[in-house]
Protein chains: 4
Amino acid sequence: MATSVTEAKRGYTASKEQLLNRLRRIEGQVRGIERMVEEDRYCIDVVTQISAAQAALDKIALGLLDDHVRHCLAGMGDAPTPAEPGAQADELMSAVGRLVNR
Amino acid sequence: MATSVTEAKRGYTASKEQLLNRLRRIEGQVRGIERMVEEDRYCIDVVTQISAAQAALDKIALGLLDDHVRHCLAGMGDAPTPAEPGAQADELMSAVGRLVNR
Amino acid sequence: MATSVTEAKRGYTASKEQLLNRLRRIEGQVRGIERMVEEDRYCIDVVTQISAAQAALDKIALGLLDDHVRHCLAGMGDAPTPAEPGAQADELMSAVGRLVNR
Amino acid sequence: MATSVTEAKRGYTASKEQLLNRLRRIEGQVRGIERMVEEDRYCIDVVTQISAAQAALDKIALGLLDDHVRHCLAGMGDAPTPAEPGAQADELMSAVGRLVNR
């Protein structure tokens, strides 16, 4: 499904359109939350919508890390410059740590 | 700081403009993430930006819950229809649960 | 179900035995994790057990906060010294914040 | 620092003693929480201790995953039976997912 070498290297090409659609949906969710605040909607309902946006962002982040890990483990790192395994691990675990201890 | 009874009831009036500014900034962050995906940027960098948006959303959600809890404990519930303490607690703890176990 | 005033004040009396049983089970889980490490078990399996202990601890923490919120909203604070609503809210939201951004 | 092939394979040998010490400390924290419940201590204080135990468990889980990722990326998988990269990635990301969406 990758259409170019450059894209293939990035690790999320196969579902790039899906990914963009999901991100646009989240952008819409955030705009919906702004509207709720403008209209003084009940704050528990606002928080519920925020949790939904968070869950959608988590899913995207985990999906991106999944692709990345697959590329790295297959020995086809997708970093802009070739990284050695130790640096790859540092980078990956920092990203995981930020997701866990957000 | 509240300018009307309706707004005062919602529990986040005092900082409504701040809240909207922060939400618009998050909307911009999500659009920035879309652009990164479009430009096939390195996925670890995309995940880092997602974590930043998540942290900003967490902060807003916790701020909203904080205002809400203050209103409820002061006996000035901000629910659209007056709620009895048990129902208020259910609602609040469901919201907290969704944030913790997103 | 409370058997004394002191216990009733604490906010989790009704299920104190349940709570202790659950905590003892978690203590056992942690000991099981130690054993796994001693036996050089596969680290993904160790992490899976850690996640299970975390989920059990989350459940207990949310249950305690739930009881606490119910007491506070019913105007029967369970703090060791009577707290005014603002201080109660500070304390509650700090606890929630620590759970969310652990 | 590894003293045997078996231990080296597990991916957390270098700090096995440290790891056990940290787990024993967490076991002690959980026992302390039980004691707090037995003594009807204020529930916000109990929740604070639970958060501390959670943070300590998170740190251990992230440390184990870190070692694991390093082994996998160095092409020295530490699975009990040799795994191909796709299966390794599935397993790793399931573990990360459980930590993020606990």
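Preceding this section is the structure that the text describes.
Residues numbered from 1 in each chain as written. Chains lettered and ligands numbered in written order. Predicted model: local features only at pLDDT ≥ 70, side-chain atom pairs only at ≥ 80, totals over all residues. Heavy atoms only, no water.

Caption draft 1: Broad picture of the overall build of chain A. In terms of regular secondary structure, chain A is built from 4 helices and 0 strands. Taken over 102 residues, chain A has a buried fraction of 52%. Pairs at least 24 apart in sequence give 55% of the contacts found in chain A among residues at least 6 apart. (Helix = DSSP H or I, 4+ residues; strand = E, 2+ residues; numbered from the N terminus. Buried < 20%, exposed > 50% of the residue type's maximum accessible area, 1.4 Å probe, protein only. Contact = heavy atoms within 4.5 Å.)

Caption draft 2: Highlighting the nonpolar core. In this structure, Leu65 of chain A, Leu65 of chain B, Leu65 of chain C together with Leu65 of chain D are the most contacted members of the largest nonpolar core, which totals 128 residues. Aside from chain neighbours lying at most four places away, what touches leucine 65 of chain D is Met93 of chain A, Ile44 and Val47 of chain C together with Leu92, Ala95, Val96 and Leu99 of chain D. (Core = buried A, V, L, I, M, F, W, Y, C linked by side-chain atoms within 4.5 Å.)

Caption draft 3: The relation of the copies chain D and chain C, seen in detail. Expressed as a screw operation, the relation of chain D to chain C combines 0.0 Å of axial shift with a rotation of 180°, fitting to an RMSD of 0.0 Å. What the rotation and shift describe, once combined, is the action of a two-fold rotation axis. Of the residues that chain D buries at the interface, 98% are likewise interface residues in chain C, meaning the two copies contact each other through the same surface. (Least-squares fit on C-alpha atoms with pLDDT ≥ 70 in both.)

Caption draft 4: Spotlight on the interface of chain B and chain A. Contact with chain B, which involves 45 residues of that partner, is made by 46 residues of chain A. Considering only the surface of chain B that becomes buried against chain A, Asp40, Tyr42 and Arg102 of chain B emerge as the three largest contributors, covering 16% of it. Counting every contact that joins chain B to chain A gives 6 salt bridges. There are 12 residue pairs in polar contact (both at pLDDT 80 or more) connecting chain B and chain A. When contributions to the side of chain B that touches chain A are tallied by element, the ones reaching two or more residues are helix H1 (5-10), helix H2 (16-38), helix H3 (43-73) and helix H4 (85-100) of chain B. (Buried area = accessible area lost by both parts, 1.4 Å probe. Salt bridge = Lys/Arg side-chain N within 4 Å of Asp/Glu carboxyl O. Polar contact = N/O pair within 3.5 Å; in protein donor to acceptor, adjacent residues only side chain to side chain.)

Caption draft 5: Region of the structure containing H2 of chain B. All names here are of chain B. Counted at 1.5 Å a residue, the expected span for H2 with its 23 residues is 33 Å, and the 33 Å between its end C-alpha atoms agrees. By the burial criterion, the buried members of H2 are Lys16, Leu19, Leu20, Leu23, Ile26, Glu27, Val30, Gly32, Ile33, Glu34, Met36 and Val37. Directly beyond the C-terminal end of H2, a positive phi value near 55° is found at aspartate 40. (Expected span 1.5 Å × (residues − 1).)

Caption draft 6: Up close: the interface of chain D and chain C. Taken together, the contact between chain D and chain C spans 46 residues of the former and 45 residues of the latter. In total, chain D and chain C occlude about 4500 Å² of area from one another, counting both sides; carbon and sulfur atoms represent 66% of this. In terms of surface lost to chain C, no three residues of chain D exceed Asp40, Tyr42 and Arg102 of chain D, which account for 16% of the buried area on that side. In this structure, the connection of chain D to chain C is made through 6 salt bridges. The partner of aspartate 40 of chain D in a salt bridge is lysine 16 of chain C, and the shortest N-O contact between them spans 3.2 Å. Put simply, chain D and chain C have 12 residue pairs in polar contact (both at pLDDT 80 or more) between them. Sorting the residues of the side of chain D that touches chain C by element identifies helix H1 (5-10), helix H2 (16-38), helix H3 (43-73) and helix H4 (85-100) of chain D as the ones contributing at least two each. Broken down by element, the side of chain D that touches chain C gets its largest block of residues, 16 residues, from H3 of chain D. Partitioned by chemical class, the residues of the side of chain D that touches chain C number 27 nonpolar, 4 polar and 15 charged. (Nonpolar A, V, L, I, M, F, W, Y, C, P; charged D, E, K, R; others polar.)

Caption draft 7: Summary view of the state of the cysteines. Inspection of every chain in the model, using the stated rule, returns 0 disulfides over all chains. Not engaged in a disulfide, the cysteine cysteine 72 of chain B finds its nearest cysteine sulfur in cysteine 43 of chain A; these two sulfurs lie 7.7 Å apart. The class for cysteine 72 of chain B is buried, based on a relative accessible area of 8%. (Disulfide = S-S within 2.5 Å.)

Caption draft 8: Region of interest: the packing of H2 of chain B against H3 of chain B. Residue and element names in this part refer to chain B. Interaxial distance between H2 and H3 falls to 10 Å at its minimum, and their mutual angle equals 160°. In terms of axis orientation, H2 runs roughly antiparallel to H3. Both H2 and H3 take part in a crossing whose hand is left-handed. Contact residues: Leu19, Arg22, Leu23, Ile26, Gln29, Ile33, Met36 and Val37 in H2; Asp45, Val46, Gln49, Ile50, Ala52, Ala53, Ala56, Leu57, Lys59, Ile60 and Leu64 in H3. Each residue belonging to the contact of H2 with H3 can be placed in one class, and the counts come to 14 nonpolar, 2 polar and 3 charged. (Axes fitted to C-alpha atoms, helices over the stretch in contact; angles between N-to-C directions. Parallel < 35°, antiparallel > 145°, perpendicular 65-115°, else oblique. Left-handed = near helix turned anticlockwise from the far one by under 90°.)

Caption draft 9: Broad picture of the relation of the copies chain B and chain A. You can overlay chain B on chain A at an RMSD of 0.0 Å; the transform is a turn of 180° with a shift of 0.0 Å along its axis. Taken as a fraction of all interface residues of chain B, those also at the interface in chain A reach 100%, which identifies the copy contact as same-surface.

Caption draft 10: Representation of the packing of helix H4 (residues 85-100) of chain A against H3 of chain D. At a minimum axis separation of 9 Å, H4 of chain A and H3 of chain D run at an interaxial angle of 150°. Regarding the angle of H4 of chain A to H3 of chain D, the classification is roughly antiparallel. Between H4 of chain A and H3 of chain D lies a crossing whose hand is right-handed. Contacts from Pro85, Gly86, Gln88, Ala89, Asp90, Leu92, Met93, Val96, Gly97 and Val100 of chain A in H4 of chain A reach Asp58, Leu62, Leu65, Asp66, Val69, Arg70 and Leu73 of chain D in H3 of chain D. Partitioning the contact of H4 of chain A with H3 of chain D into residue classes produces 10 nonpolar, 3 polar and 4 charged.

Caption draft 11: Region of the structure containing H4 of chain B. Between the first and last C-alpha of H4 of chain B there are 22 Å, a value that for 16 residues agrees with the 22 Å anticipated at 1.5 Å per step. The complete set of buried residues in H4 of chain B reads Gln88, Ala89, Leu92, Met93, Ala95, Val96, Gly97, Leu99 and Val100 of chain B. At its buried positions, H4 of chain B is contacted by helix H3 (43-73) of chain A, H3 of chain B together with helix H3 (43-73) and helix H4 (85-100) of chain C.

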